[in-house]
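Coordinate analysis (summary)
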Amino acid sequence: MTATNAYRPRPSRRLATFRLCSLGLAIGLLAAASAAGAASPAPQAASPVAAAQPASGVAVSNIDFRRGEDGSGRLIVKFDGQGAAPDLRNQGDSVVVNVGNATLPASLQRPLNVVDFATPVQRVEAQSKGGGTQLVLSTRGDFESLAYQSGNEYVVEIVPAAGKKAMGSATATSGTSASAVVAAAQKVASEARRYSGRPVTFNFQDVPVRTVLQLIAEESNLNIVASDTVQGNVTLRLVNVPWDQALDIVLRAKGLDKRRDGAVVWVAPQPELAKFEQDKEDARIAIENREDMVTDYVQINYHSAAAIFKALTEAKGIGNQGSGGGGGGNSQNENGFLSPRGRLVADERTNMLMISDIPKKVAQMRELISMIDRPVDQVLIEGRIVIASDTFARDLGARFGIQGRRFGDRSQGIGGSLGGNAGNVTNPARPITPGALNVNLPAGNFTDTTAGALAYTLLGRNFSIDLELSAMQEEGRGEVISNPRIVTANQREGVIRQGREIGYVTITAGQGGVTTPNVQFKEALLELKVMPTITNDDRVFLNLNVKKDEVAELITLEGYGTVPTIDKREINTAVLVEDGQTVVIGGVYEFTDRSSVAKVPFLGDIPFLGNLFKKKGRSKQKAELLIFITPKVLTVAKR
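Because the structure is a prediction, the values reported are computed rather than measured. (Residues numbered from 1 in each chain as written. Predicted model: local features only at pLDDT ≥ 70, side-chain atom pairs only at ≥ 80, totals over all residues. Heavy atoms only, no water.)

1. With respect to helix H5 (residues 243–253)
In an α-helix, one turn spans 3.6 residues, which is why side chains three or four residues apart end up on the same side. Taking burial as the measure, the 11 residues of H5 include 10 buried ones, the bulk of the element. Along H5, the residues that are buried comprise Trp 243, Asp 244, Gln 245, Ala 246, Leu 247, Asp 248, Ile 249, Val 250, Leu 251 and Ala 253. Where H5 ends, the next residue or the one after it, Gly 255, has phi of about 70°, a positive value. (Buried < 20%, exposed > 50% of the residue type's maximum accessible area, 1.4 Å probe, protein only. Helix = DSSP H or I, 4+ residues; strand = E, 2+ residues; numbered from the N terminus.)

2. Re the packing of helix H4 (residues 209–220) against H5
Each pair of packed helices gets described by two things: the angle between the helix axes and the distance between those axes. Running from N to C, H4 and H5 point in directions that differ by 165°, and their axes come no closer than 10 Å. Judged on the interaxial angle alone, H5 and H4 are roughly antiparallel. As H4 runs across H5, the sense of the crossing is left-handed. Contact residues: Val 209, Val 212, Leu 213, Ile 216 and Ser 220 in H4; Trp 243, Ala 246, Leu 247, Val 250 and Leu 251 in H5. Tallied by class, the residues present in the contact of H4 with H5 amount to 9 nonpolar, 1 polar and no charged. (Axes fitted to C-alpha atoms, helices over the stretch in contact; angles between N-to-C directions. Parallel < 35°, antiparallel > 145°, perpendicular 65-115°, else oblique. Left-handed = near helix turned anticlockwise from the far one by under 90°. Contact = heavy atoms within 4.5 Å. Nonpolar A, V, L, I, M, F, W, Y, C, P; charged D, E, K, R; others polar.)

3. Points about the nonpolar core
Counting residues in each nonpolar core, the largest one holds 31 residues, and the members touching the most others are Leu 213, Ile 224, Leu 238 and Val 267. Counting residues in each nonpolar core, the second largest holds 27 residues, with Phe 79, Ala 84, Val 99 and Leu 135 among its members. (Core = buried A, V, L, I, M, F, W, Y, C linked by side-chain atoms within 4.5 Å.)

4. Observations concerning unusual backbone geometry
Among all residues except glycine, the phi angle is most often negative; among peptide bonds, the trans geometry is most common. Even without being glycine, Asp 538 reaches a positive phi, approximately 60°. Mapped onto the fold, Asp 538 is located in the loop between strand E27 (515–534) and strand E28 (539–548). By relative accessible area, Asp 538 is classed as partly exposed at 43%.

5. A look at the pairing of E27
Relative to E27, strand E26 (residues 494–509) is paired through 16 bridges, and the arrangement is antiparallel. Its bridge partner being in E27, Gly 499 is matched across the sheet by Leu 525. If you look at the hairpin formed by E26 and E27, you'll find 5 residues sitting between the two strands, and Gly 512 has a positive phi there, around 75°. Summarising the sheet, E27 and E28 pair through 9 bridges and their orientation is antiparallel. Note that in E28 the partner of Lys 529 across the bridge is Asn 545. (Pairing = 2+ DSSP bridges.)

6. Here we look at a nonpolar patch on the surface
A cluster of nonpolar side chains, contributed by Val 505, Ile 507, Val 519, Phe 521, Ile 555, Leu 557 and Tyr 560, occupies part of the molecular surface with about 620 Å² of accessible area. Broken down by secondary-structure element, the contributors of at least two residues to the nonpolar patch are E26, E27 and strand E29 (550–557). Mapped onto the fold, Val 505 is located in strand E26. Its relative accessible area of 33% is what places Val 505 among the partly exposed residues. (Patch = residues over 30% accessible without salt bridge, like charges linked within 9 Å, V, L, I, M, F, W, Y side chains within 5 Å. Areas by Shrake-Rupley, 256 points an atom, 1.4 Å probe, with all protein chains shown as cover. Salt bridge = Lys/Arg side-chain N within 4 Å of Asp/Glu carboxyl O.)

7. Here's the deal with the pattern of salt bridges
Per the stated rule, a full pass over the model turns up 24 salt bridges. The salt bridge partner of Glu 157 is Arg 74, with a shortest N-O separation of 3.1 Å. Linking Glu 157 in strand E11 (residues 153–160) with Arg 74 in strand E3 (residues 73–79), this pair joins segments that are 83 residues apart in sequence. Residue classification places Glu 157 among the buried residues on the basis of a relative accessible area of 1%. One salt bridge in this structure joins Asp 549 and Lys 568, with 3.4 Å as the shortest N-O distance. With Asp 549 in the loop between E28 and E29 and Lys 568 in the loop between strand E30 (561–567) and strand E31 (570–578), this residue pair connects regions lying 19 residues apart in the sequence. We classify Asp 549 as buried; its relative accessible area is 10%.

8. Topic: the sheet that holds E28
Either a parallel or an antiparallel arrangement is found when strands of a sheet pair, and the pairing is made through backbone hydrogen bonds. The strand order E26-E27-E28-E31 describes an open sheet built from 4 strands, whose pairing is antiparallel. Only two strands of the sheet have a single neighbouring strand rather than two, namely E26 and E31. The sheet shows a mean angle of 20° between the axes of neighbouring strands, direction not considered. Across 9 bridges, the pairing between E28 and E31 is antiparallel.

Here it is, written out as structure tokens:
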């Protein structure tokens, strides 16, 4: 194991030793440091390890642009071999990448319009300059740039500044990098979390991983302990990358992982860390298996012991096959709340739970049960069902008649009927009396009350004229209010009913044509069914079912008695209501307008006089149903 203490003052002897070990890379260090200082005015952490002088003859094989999940623009440059030495600089609204030792084929010397990717990068221009390659990324808005290189790939990321994410829903195209370092870096860059470490610039060419960890420890002021199995070299180029992100990139590239405890970070291969944690867990389980067991009793006050027992023993869907009063079997060992030796028993008579386990598990179970066994708030639900009706009816009618007679060699008569005419003609001594009407259209179609009438009769020796006008108007207004109330606990269904059962007879045909009467009953109820749920913001979510049935009429069947017809009103809904607020959860409005005219053809169409030969009626009915609900929280549980 190798430990690095970054809090310890860095003596010159240690730096001298490190520089002697890095003597072969000193020339590249000076070149990289001077280039980074001239390129970016922002302060950067200079790496004491420099890249070796790359070999010549490298060419650019492909240039690709992609969009990251966080709205960043990603430029991926591939070379046909290793040894390329890119140099990144920020120049105003542009990012310039110079690769002096890599040639650019003519087929790749073209601009790329990447506006549609919705990233800070608007345009990428690739051109050959001085025998090398120059890439210019034109940007818009505030951004942060970082770059990393591994093998024959170089990746430049342009990330929008915090709070100014690029718009658009395009996602990066899938692809597999040839380098494990680039793949790990892309995964880290796509994560939603932001790194907060100080930006650093590293340029490594086949440098030991332990050396990189030592540099990161000096930059982060952390104590990094590296396992003896941490070996191997890494080639990596990072520009303006937070040190914590650089640490993740290096660890993922080499299959390493870390565990942090305060200011100390332990770095080791992932299988080694996994084995350490597994051994630690096995040791803990072994200690628990040798620990003495205790028994404790928990009194359940506000819940059911059987219900809590079922919930705890069926936590993973593997419950006890017995009733709530039995002890647990192997199923309890798998629920995660008890140790393999633990047992849980519920007694329904005393509403008590008995726990037998190690002290640690017993304490955890008591805390868990205390969170479950608590009083819950109650809710008062007040309903108001209003049925308002408004009726209007009017009838206008007239009765009109003429009688007359003439005697001679041909007797003649006119009247409202043939019988009246015969009597007038055959009995000359009979005086003409009113009653034989030609038009009999009195009021009384829509109204039920006897109509008021005004009659006039004109009598002569041989004639009579009868005229009667009748009219009736009825108006009615009614309001039915039902006010059911119910109190129920939070998340418990409550039901209240009121009404009656109406009996009626049904006939069942038997063998031999024998019929059997049966009496059945039909409910006509006022019912309120509700399940309230109190939310964290002190509002109430209600699942409601409201019914209001009434007997409309009884239909009489000859020989079978009466059969009821029922007006049904019902609403089934769910609503979120403020505590104490009244809300209208539903309503029905009905309006009926009817008019009728009965008249004698042709005569009833005569202006003014036609009213003597017709009957008019009009009816209007309005009915409105409104249902109001008011929940009120009755606080019981302690806050």
